[in-house]
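Examining the three-dimensional arrangement
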Amino acid sequence: MPSNKSVSDAPITQFINCRILREHQLQRDDLWVREGKILDPEKLFFDEQGYADKRVDCEGSIIAPGFIDVQINGGYGIDFSQACEDVCSGVSFVAKKILEHGVTSFCPTLVTSPPAVYHKVLPQVKVHNGGSHGAGVLGFHLEGPFISLEKKGAHPAQFLRPFKSGDISDLMEAYGSLDNVAMVTLAPELANSQSVVRELSQRGITVSLGHSVANLSQAEDAVKHGATFITHLFNAMLPFHHRDPGIVGLLTSDQVPAGRTVYYGMIADGIHTNPAALRIAHRAHPSGLVLVTDAITAMGLPPGRHTLGQQVIEIQGLHAYVAGCSVEEALEAASLHPAQLLGISNKKGNLDYGSDADLLLLDEALNIKATYISGEEVWRKEP
Amino acid sequence: MRLVILDDYNLASEWAAKYIRNRIIQFKPSADRYFTLGLPTGSTPYGCYQKLIEYYRNGDISFKYVKTFNMDEYVGLPRAHPESYHSYMWNNFFKHIDIDPANAHILDGNAEDLEAECRAYEQKIAGAGGIELFVGGIGPDGHIAFNEPGSSLVSRTRVKTLAKDTIVANARFFGNNLSKVPTMALTVGVGTVMDAKEVMILITGAHKAFALYKAIEEGVNHMWTVSAFQQHPRTIFVCDEDATLELRVKTVKYFKGLMHVHNKLVDPVLSIKDQ
C-alpha cells in the first residue's frame, strides 16, 4: 500500500485480538498507538487515509491502562524515607521493578520524618515520565508529619507536628519545598488545618485525610476546603460508628460539594481490611475506590527485619487480594480512579484517544503479561 | 430484473454477501484494475456487511483492490457523530477489513461548498471507471439513496432536503427526537446509480413491502424512485418473505420458481484461497 504519512511520519502500532477497557467495559476492539499516545483510528482512516505500520497480536489478552500507585513507601530493600545521598537511584530501582506488577506511574511515599529528611530527599526526585527505565514519578506523597498521635500507626511519634500558624510557613519548615509533591496526608482535626488544606489545594496538591481521629463533621469541613482523598480507609482512623461515622462517613456524606468526588485508598491485601469491610465501602461508593499497595521496603524481599522510615519492622509475609467487584471495576480502581484523584485523567489512567499509551496486557486472571509506557514495551513476562 | 426471494433477513443478507463476494473474485481485481462498489447504509445492509467481514476474516475475500463509493451522507452532522454515515461505515465495515483508506469514498456533508463536493464526487466515480456494482436499499417511501419522491429519474449527485417520511424513519437513530434529525443530505442521483453496470437492491421487512410493490409492479414513477431501475439492464432485488407481502401471488410464484437459476450465481461460492 502507498505511504500513509500525512499528519505525522511516526509509525503507527495496532494492537489486535484483544479486549480493551473502554467506557467502563471490556470491549472487543483494536487499540491504536502513535507517538506514545492512543490514536483515533477513525480519524486516521478518514482524515489521513492512514493505516497501521505494525500489528501486535495480543492473543486474546485484556488491555488495561497502566496502574497508578499513589501510596508506595519503597520496596526491594529501598526505603524512600531514608535520608540517603542518592534517593534518586533508590526511586529508580523501585520504579523499574514495579513495571512487573503493571504500575506505570506512582507517587513515592514518605512517612512521618524529621525535617532534615524531607529537606534532603524532596529536592532529589523530580516529577518525570516513565519509560523503559521504569514507571513514571507523579510526585511525592507526604504522609505526615501533620497527623494524629493516637492514630500514628507505624509512624514515629517524636516527629509528629502541629500546624503553628496554618499557613505556608508550616509546610515549608517541615518539608522545605513543595515543588515535586503530588499529595499530602494530614489529620484535619489539628488546629489551623483548614487554611493548610486550602493552601495545598490551591497549589494543585491533592489533600488526603488520614492517621486521624476526626469526626465526620471535621472531615466534611476539610473536604469543603479542598480535601479529596482518604488515606487507607478504615486504617488509622476512628471506626465507623452509626452516630458519628467519622472519616468513613465521607463515602456517603451529602456535604461533599457538587461535582466533587471523594476518593478513598484501600490496601486490598486481605490483611489491612477484612474483605467484607472492603465490599461495604465499594458498594457504598464504587466510583471512589482507589487501590494502593502502601508497599514498604520489604516488598519483594524475604521475611526478616527492615526499615520503614525511622522505624525497624518485622515482616512475615505478603499476599495481594482484590475482592467483591467486577474485573472492569477492579482495573479502574487501580488506574482510572487514581488518575481522576490526581487530576491527570486527561492523559493517564484510561485508553481514551489522546491519552498516554501506558498499557498493560493481562490474562483472564489479571496476571500481567506485558507492560507498555508511551506505546513502548518496557516489560514482558518470560514465557 | 431478477427478484431473489429468501425466507428471512439472515438468508437474504447471506445471499447478497455471497453475490458480492463472487462478483469481486470473478472480476480478479488488481492494482491496474480496481473493482468499484457502490455501498448503502442503514439497518437493511447490516447483515450483509457482517457476512462480508466474516468472509474477509476467513481469508476468502480481500478488499485490497476494491474502491467503494457510498450513496449518501447527512449535511451538517459532524463526521465523528455516531449517526453519521462515516461512523456507520467505519464501525460496521471499514475497520474490520483490509480496504485502503484512500479507496473508501464517502460524500463530505461538512464541505465548504456542497455543490462542488457533489460535482467532485461524480468526477471521482468517472475517474475510477464507473461503478461495477451498486448496492442499495429502499426507503419506506420507495426512495433510492436520498432521492426522495419527486426526484428526477436522471438526477446526479446533489444536495437534497429530506422528506418527512425519511426524517420520521430515521428518528429512531436520534433518540426518537425529530428535531435532532438532519434535514438535508448529499446523495448520488438516480441517474448516477443507473450508470452502474449492475444494481443490487436489498429489501427486507414488512414495512418495505408496499414500496417494493410500487417499485416493481407499478410503472416507472418519480414518486417511487426505485422504479427507475425497471429500465436498467441488470438489476437484482434481494428480499425476504416479509418484503413480498404486497406483491401479487403470481409475481412471487414466478420468481420463486426461478430460485434454482438465481442460486447458480452464489453456488459455488468462490474464494481467493483457490486462486
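Scoring rules and cut-offs
- Residues numbered from 1 in each chain as written.
- Chains lettered and ligands numbered in written order.
- Predicted model: local features only at pLDDT ≥ 70, side-chain atom pairs only at ≥ 80, totals over all residues.
- Heavy atoms only, no water.
- Helix = DSSP H or I, 4+ residues; strand = E, 2+ residues; numbered from the N terminus.
- Contact = heavy atoms within 4.5 Å.
- Areas by Shrake-Rupley, 256 points an atom, 1.4 Å probe, with all protein chains shown as cover.
- Buried < 20%, exposed > 50% of the residue type's maximum accessible area, 1.4 Å probe, protein only.
- Buried area = accessible area lost by both parts, 1.4 Å probe.
- Salt bridge = Lys/Arg side-chain N within 4 Å of Asp/Glu carboxyl O.
- Polar contact = N/O pair within 3.5 Å; in protein donor to acceptor, adjacent residues only side chain to side chain.
- Nonpolar A, V, L, I, M, F, W, Y, C, P; charged D, E, K, R; others polar.
- Domains from an automatic or database assignment.
- pLDDT = per-residue confidence, 0-100.
- Expected span 1.5 Å × (residues − 1).
- Core = buried A, V, L, I, M, F, W, Y, C linked by side-chain atoms within 4.5 Å.

**Here we look at the overall build of chain B**
- Per the secondary structure count, chain B includes 9 helices and 10 strands.
- Over its C-alpha atoms, taken along the principal directions, chain B stretches across nearly 45 × 45 × 35 Å.
- A fraction of 80% describes how many contacts in chain B between residues 6 or more apart in sequence connect residues 24 or more apart.
- Of the roughly 11700 Å² of accessible surface on chain B, a fraction of 51% belongs to carbon and sulfur atoms.

**Some words on the environment of Leu77(B)**
Residue and element names in this part refer to chain B.
- Structurally, Leu77 is set in the loop between β4 (72–74) and α3 (85–92).
- A relative accessible area of 10% means that Leu77 is categorised as buried.
- In sequence terms Leu77 and Val266 are 189 residues apart; their C-alpha atoms lie 38 Å from each other.

**Brief notes about the interface of chain A and chain B**
- If you look at the interface, chain A gives 12 residues, while chain B gives 12 residues.
- Summed over both partners, the interface of chain A with chain B comes to about 1200 Å²; 65% of that surface belongs to carbon and sulfur atoms.
- Its salt-bridge partner being Lys95(B), residue Asp29(A) comes within 3.4 Å of it at the nearest N-O pair.
- Where chain A meets chain B, there are 3 residue pairs in polar contact (both at pLDDT 80 or more).
- Classifying every residue of the side of chain A that touches chain B by side-chain character gives 6 nonpolar, 2 polar and 4 charged.

**Observations regarding the domain arrangement of chain A**
Residues and elements named next belong to chain A.
- Domain boundaries in chain A define domain 1 (12–64 + 351–380) and domain 2 (66–342).
- The C-alpha centroid of domain 2 is placed 30 Å from the C-alpha centroid of domain 1.
- With 18 residues of domain 1 in contact, the opposing surface of domain 2 contributes 18 residues.
- Each partner contributes to the roughly 1400 Å² buried at the junction of domain 1 and domain 2, and carbon and sulfur atoms together form 70% of this total.
- Counting every contact that joins domain 1 to domain 2 gives 4 residue pairs in polar contact (both at pLDDT 80 or more).
- Broken down by secondary-structure element, the contributors of at least two residues to the side of domain 1 that touches domain 2 are β3 (25–28), β7 (62–65), β21 (359–362), β22 (368–373) and β23 (376–380).
- Ranked by residue count, the leading element in the side of domain 1 that touches domain 2 is β22, at 4 residues.
- Residues belonging to the side of domain 1 that touches domain 2 are distributed by class as follows: 13 nonpolar, 3 polar and 2 charged.

**Some thoughts on the side chain of Asn70(B)**
- Its location among the elements puts Asn70(B) in strand β3 (residues 66–70).
- By relative accessible area, which is 0% here, Asn70(B) ends up buried.

**A closer look at the pattern of salt bridges**
Residue and element names in this part refer to chain A.
- Overall, the coordinates contain 25 salt bridges over all chains when judged by the stated rule.
- Lys37 serves as the salt-bridge partner of Asp356, at 2.9 Å between the closest nitrogen and oxygen. You can see Asp356 sitting in the loop between α9 (336–341) and β21 and its partner Lys37 sitting in strand β5 (residues 37–39), a full 319 residues away along the chain.
- Judged by relative accessible area, which is 38%, Lys37 ranks as partly exposed.
- Among the ionic pairs, Asp356 bridges to Lys348, the shortest N-O distance being 2.8 Å.

**Examining the confidence of the model for chain A**
- Mean pLDDT for chain A: 89, with 91% of residues reaching 70 or above.
- Confidence over residues 310–322 of chain A falls short of pLDDT 50; this stretch has 39 contacts with residues more than four positions distant or in other chains.

**Topic: helix α1 (residues 9–27) of chain B**
Residues and elements named next belong to chain B.
- Its 19 residues place the ends of α1 27 Å apart at the C-alpha level, agreeing with the 27 Å of an ideal helix rising 1.5 Å per residue.
- For α1, the capping residue at the N-terminal end is Asp8, with a side-chain oxygen 3.1 Å from the backbone nitrogen of Asn10.
- Positive backbone phi, at 50°, marks Lys28, one or two positions downstream of α1.

**Thoughts on the nonpolar core**
- Residues Phe106(A), Tyr175(A) and Leu186(A) are the most contacted members of the largest nonpolar core, which totals 73 residues.
- Built from parts of two domains, this core gets at least three residues from each of domain 1 (12–64 + 351–380) and domain 2 (66–342) of chain A.
- Not counting residues within four places of it along the chain, the set of residues in contact with Phe106(A) comprises Asp69(A), Ile72(A), Phe80(A), Val91(A), Ala95(A), Ile98(A), Ala135(A), Gly136(A), Val137(A), Leu138(A) and Gly139(A).
- Core analysis: the next-biggest nonpolar cluster, separate from the first, contains 40 residues, Val4(B), Ile61(B), Phe63(B) and Ile106(B) among them.

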